[in-house]
Amino acid sequence: MAMAFICLVTSCQKDEGVTSEELNYTIDLNLANETDWVMANEILVLVNDHRASIGLPAIKKDQQYASAYAVDHTQYMIDTQKINHDNFNVRANALKERGATIVGENVAYGYATAEAVVNAWLNSPGHKKVIEGAYTHSGFGVMQNDKGTYYFTQLFYRK
């Protein structure tokens with residue numbers, strides 16, 4: 001059974017006593033190379049086709065930080081065998097440290113094609129809201145586990 005989940009963050013409050021200088025949001029940019037870029041590119045085309053159909057601008061592909069964080073999260077979901085948004089605040093804050101003003105995330109697993117996962121997201125009000133959000137860029141963590149099941153993390157942000 002395929003499942004999809006959503007998380008949308010439109011504002012951020014800093015924790016008391018924690019400054020951004022104390023936090024370290026480093027990530028290995030080479031992780032972005034581990035995503036299935038054929039499927040990720042197909043997802044982006046479908047997302048942008050939908051956005052164009054309702055008069056929204058296209059989202060640009062981020063093959064650096066957003067994709068590295070998306071791959072890192074997808075690997076985590078594969079390792080834990082659970083679809084989740086664990087540590088979303090870390091991914092969101094890392095992108096905000098690099099100029100993002102808002103960050104959203106869609107995750108899913110079990111879909112075999114880009115069309116299937118995008119259709120599932122578009123048929124879910126929460127996921128659709130993220131796809132139709134005021135975002136400008138997107139990163140991808142599209143990977144298969146050892147049984148060939150796809151796991152997806154798509155990070156959206158506005159810069």
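Located above this text is the structure these notes cover.
All values reported here derive from a predicted model rather than from experimental measurement.

(A) Representation of the packing of aromatic side chains. Inspection of every chain in the model, using the stated rule, returns five aromatic pairs. Between W37 and F140, the ring centres sit 6.2 Å apart and the planes meet at 75 degrees, which makes this aromatic pair edge-to-face. Here W37 is found in helix α1 (residues 37-53), whereas its partner F140 is found in strand β4 (residues 137-144), with 103 residues between them in sequence. For the pair W37 and F140, one class covers both residues: buried. Taken together, the aromatic side chains of W121, Y150 and F152 make up a single cluster linked through ring pairs.

(B) Representation of the side chain of N84 within the structure. Residue position: N84 is located in the loop between α2 (65-80) and α3 (88-97). Taking the relative accessible area as the measure of exposure, N84 reaches 10% and is therefore buried. Engagement of the side chain of N84 in a polar contact is seen with the backbone oxygen of K82, the distance being 3.0 Å. Here N84 is in contact with H73, Y76, M77 and V107, once residues within four sequence places are set aside.

(C) Region of the structure containing the environment of L95. Note on placement: L95 falls in helix α3. On the basis of relative accessible area, L95 is assigned to the buried category, the value being 3%. Separated by 29 residues in the primary sequence, L95 and A66 place their C-alpha atoms 7.0 Å from one another. Setting aside residues no more than four positions away along its own chain, L95 makes contact with Y65, A66, A100, V103, L155 and Y157.

(D) Here's a closer look at α2. If you check α2, its first and last C-alpha atoms are 23 Å apart, about what 16 residues at 1.5 Å a residue would give, namely 22 Å. Of the surrounding elements, those touching the buried residues of α2 are α1, α3, β3 (102-109), β4 and β5 (150-158). Note on α2: the residue one or two positions beyond its end, Q81, has a positive phi of about 55 degrees.

(E) Seen up close, the pattern of salt bridges. A complete count under the given rule lists two salt bridges for this structure. Residue R91 is joined to E105 by a salt bridge in which the shortest nitrogen-to-oxygen separation is 2.8 Å. You can see R91 sitting in helix α3 and its partner E105 sitting in strand β3, a full 14 residues away along the chain. Residue class for R91 comes out buried when judged on its relative accessible area of 5%. Judged by its relative accessible area of 0%, E105 falls in the buried class.

What counts, and at which threshold
Residues numbered from 1 in each chain as written. Predicted model: local features only at pLDDT ≥ 70, side-chain atom pairs only at ≥ 80, totals over all residues. Heavy atoms only, no water. Phe/Tyr/Trp six-rings, centres within 6.5 Å; stacked < 30°, edge-to-face > 60°. Helix = DSSP H or I, 4+ residues; strand = E, 2+ residues; numbered from the N terminus. Buried < 20%, exposed > 50% of the residue type's maximum accessible area, 1.4 Å probe, protein only. Polar contact = N/O pair within 3.5 Å; in protein donor to acceptor, adjacent residues only side chain to side chain. Contact = heavy atoms within 4.5 Å. Expected span 1.5 Å × (residues − 1). Salt bridge = Lys/Arg side-chain N within 4 Å of Asp/Glu carboxyl O.

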